[in-house]
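Residue-level listing of the chains:
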Amino acid sequence: MSVTLNDYLILSTLIFMIGMYGALRRKNLLMLFFSTEIMLNAVNIGMAAISKFHGDLTGQMFAFFIIAIAASEVAIGLGLLVLWFKRNNNINLDSLQSMKG
Amino acid sequence: MFEVVAFYLFAFLTIAMFTVTVITKNALYALSSLAAGMIFISAFFFLLGAEFLGAVQIVVYTGAVMALYAFGMMFFDSINDVQESVANPRLTFMLTGIVALLVVAIFVAPIIGANATAHYPIHEAYGNTQDIGLVLFTKYLVPFEVAAVMLLVAMIGGIILAGKKMDISITQLSEHEIDNHKTDTEIEKDIK
């Protein structure tokens, strides 16, 4: 009995679903950022697993670039969130309705 | 045997931590459990023989990203919890159902890359870090540089967005003007 590629991919899917649930269900904008991080990490696990079981380094390379993108996403996103909180004094998703007709 | 036990232990811990992150009402609990989940995820990278990726995961996520969230949370009133209500539950159910169907379709779909050959095969003799360095600085040099520029742009953007008093250039003011310049708290006192 050993751990196969399927086990890793199922784990990756489960973690991705947790992140997806958070992104769909939560109304706190900070929680949406956390859910995004969870989803990106789930994909990273899948990439690293395929890299191992396929004997190819490309998966790990993609995981690196995903980490870089996640870091810059956090920097910009938190900057926008701080700006929004300064203007509106809350971080509720429903307050983002200035373009509602 | 050790690998199997480690895999299931860390799988359980990771899923538990991320479930706490998604469900909890307290933003501080969510932050802490997210950090714990990130560290547990790095265990999978070590199990998969990607030691460098595991180290990067710990350094970047629990070192940089979590510190950034912790500092960012000081700007927010995290005690004041956000009202969690779904205005249209039918839409949420429909979206979740579509996503579930998509996942099933992805799992059932025939795997086209079953007989694909490895472009950059893993060299057992080199070790993971050396191997990654070799591929990253030869085949992926241009994306690496582009990622560096992207991180620089993100850093400048974050400073501009969250920074205070960015509309006043201190380098253009004389020392006398800087001393006379009122801070936010002084203006608030004047208003009172």
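Residues numbered from 1 in each chain as written. Chains lettered and ligands numbered in written order. Predicted model: local features only at pLDDT ≥ 70, side-chain atom pairs only at ≥ 80, totals over all residues.

### Concerning the overall build of chain B
Next, step 1: When its secondary structure is counted, chain B shows eight helices and zero strands.
Next, step 2: Overall, chain B shows an N-to-C arrangement of helices and strands of α-α-α-α-α-α-α-α.
Next, step 3: Considering only contacts within chain B whose residues lie at least 6 apart along the sequence, 45% involve residues at least 24 apart. (Helix = DSSP H or I, 4+ residues; strand = E, 2+ residues; numbered from the N terminus. Contact = placed C-beta atoms within 7 Å.)

### Describing the interface of chain B and chain A
Next, step 1: With 58 residues of chain B in contact, the opposing surface of chain A contributes 54 residues.
Next, step 2: Where the side of chain B that touches chain A is concerned, the elements lending two or more residues are α1 (2-23), α2 (27-47), α3 (51-73), α4 (89-108), α5 (128-136) and α6 (141-162) of chain B.

### Considerations on the nonpolar core
Next, step 1: Counting 59 residues, the largest nonpolar core has Ile15, Leu30, Phe34, Ile45 and Ala48 of chain A together with Leu31 of chain B as its most contacted members.
Next, step 2: Counting residues per element, the ones that place at least two in this core are α1 (5-25), α2 (29-54) and α3 (58-88) of chain A together with α1, α2, α3, α5 and α6 of chain B.
Next, step 3: Ranked by residues supplied to this core, first place goes to α2 of chain A with 12 residues.
Next, step 4: Counting contributing residues, this core receives three or more from each of domain 1 (1-80) and domain 2 (140-183) of chain B. (Core = buried A, V, L, I, M, F, W, Y, C linked by C-beta atoms within 7 Å. Buried ≥ 20, exposed ≤ 12 C-beta atoms within 10 Å, placed from the backbone. Domains from an automatic or database assignment.)

### Let's talk about α3 of chain A
Structural remark: α-helix, 3.6 residues per turn; residues separated by three or four positions point the same way.
Next, step 1: Compared with an ideal rise of 1.5 Å per residue, which puts 31 residues at 45 Å, α3 of chain A spans 44 Å between its outermost C-alpha atoms and is within 8% of the ideal.
Next, step 2: Where α3 of chain A terminates, the next one or two residues include Asn89 of chain A, which has phi positive at roughly 65°. (Expected span 1.5 Å × (residues − 1).)

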